[in-house]
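Reading the structure
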Amino acid sequence: MSDRAPRTAVVTGANGGMGREIVGRLAAQGVAVVAVDLTAGDDGFPDGVSFVGGDVTDPALAAAAVGAAVERSAAGRLDYLVNAAGVAWFDEPGLPSPRLVDGSVHDLDVGVWHRVLEINLTGAMLFAQAALRAMVPAGGGVLVHIASIAGLRRADGSLDAYQVSKAGLVSLSRAIAATHGPHGIRSNTVCPGAVRTPMISAIYDADPSRESAMAQRVPLRRVGTPSDVWGAVDYLLSDAASFVTGTDLVVDGGWLTTMG
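Note that the structure is a prediction, hence the values are computed from the model and not measured.

Quick notes on the overall build of the protein chain
- Check the secondary structure of the protein chain and you find seven helices and seven strands.
- Counting helices and strands in the order they occur from the N terminus, the protein chain gives β-α-β-β-α-β-α-β-α-β-α-α-α-β.
- The globule rule puts the C-alpha radius of gyration for 260 residues at 18 Å, and the 18 Å found for the protein chain is close to it.
- Seen along its three principal axes, the alpha-carbon backbone of the protein chain occupies a region of about 50 × 35 × 35 Å.
- The long-range share in the protein chain, meaning contacts at least 24 apart out of those at least 6 apart in sequence, stands at 70%.
- When the accessible surface of the protein chain is summed, it comes to about 11400 Å², and 55% of that surface belongs to carbon and sulfur atoms.
- Computed over 19 positive and 26 negative side-chain charges, the inter-centroid distance for the protein chain is 6 Å.

Description of unusual backbone geometry
- The phi angle at arginine 221 is positive, at roughly 60°, despite the residue not being glycine.
- Mapping arginine 221 onto the fold places it in the loop between helix H6 (208–217) and helix H7 (226–237).

Some words on the pattern of salt bridges
- Inspection of the entire model under this criterion finds nine salt bridges.
- Residue arginine 25 is joined to glutamate 21 by a salt bridge in which the shortest nitrogen-to-oxygen separation is 3.0 Å. Of this pair, arginine 25 and glutamate 21 both sit in helix H1 (residues 17–28), four residues apart, which is roughly one turn of that helix.
- A salt bridge links arginine 115 to glutamate 118; the shortest N-O distance between them is 2.7 Å.

A few points about the pairing of strand E4 (residues 80–83)
- Every second residue of E4 is oriented toward a common face, with Tyr80 and Val82 on one face and Leu81 and Asn83 on the other, all of them buried.
- Sheet topology places strand E1 (residues 8–12) next to E4; four bridges connect them, and they run parallel. Bridge pairing in E4 places alanine 9 opposite tyrosine 80.
- Relative to strand E5 (residues 141–146), E4 runs parallel, the two sharing four bridges. Within E5, the position partnered with valine 82 by the bridge is valine 144.

Parameters and conventions
Residues numbered from 1 in each chain as written. Predicted model: local features only at pLDDT ≥ 70, side-chain atom pairs only at ≥ 80, totals over all residues. Heavy atoms only, no water. Helix = DSSP H or I, 4+ residues; strand = E, 2+ residues; numbered from the N terminus. Rg over C-alpha atoms; globule rule 2.2 N^0.38 Å. Contact = heavy atoms within 4.5 Å. Areas by Shrake-Rupley, 256 points an atom, 1.4 Å probe, with all protein chains shown as cover. Lys, Arg positive; Asp, Glu negative; His and termini not counted. Charge placed at Lys NZ, Arg CZ, Asp CG, Glu CD. Salt bridge = Lys/Arg side-chain N within 4 Å of Asp/Glu carboxyl O. Buried < 20%, exposed > 50% of the residue type's maximum accessible area, 1.4 Å probe, protein only. Pairing = 2+ DSSP bridges.

Structure (structure tokens):
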């Protein structure tokens, strides 16, 4: 898009299903992307994408990634932050084991609680903080955080740490929008429903009936794809959304409308 070049972006969770899609699409639009994850994966990233490896809960990593993006910008600025890093730990056949397991507060290990919130919420805060410190002096920027419909309404199953972390991420985004709007900064979330990412694919491939059953619960009768999530991110980052901030864009095929 013409309103995208030349611009810079930091994307966390860049080696995940949604994050990798976002990195590739931004790079294809000519955005100078700094991709952040624990590893770059076996395939690496597209040409022109810079990789910064590490744990998103490390404040030094956030500062380093934002600094790398600013250095790549001819204008010395960061235009976009996409917080796509996140974990959901649940005990399902077909997933690698042993795994840490999220669940009901009644049974939840406090270490799992802390780690899920640390990655999903504190990590997003640290990167938002580093991004804002670059964006405010530059006169603006856009933040998009990948939350979940679980952060808006109680979802099926018991992933209490995950749900609380995503509700917190929604609240964090709204707080940033309210306090930093006067600086020309927008902050929004994308809230996906059931999306077929590589992690979830392991479950569906092991038992295809699981995907079919999920699709039947969604009014559009299919599960989502990383491309569906990208469409929402693309809009929120673009100048077409220049008057959109503090909102939560649901991408769930209508699933939320069926929840009580």
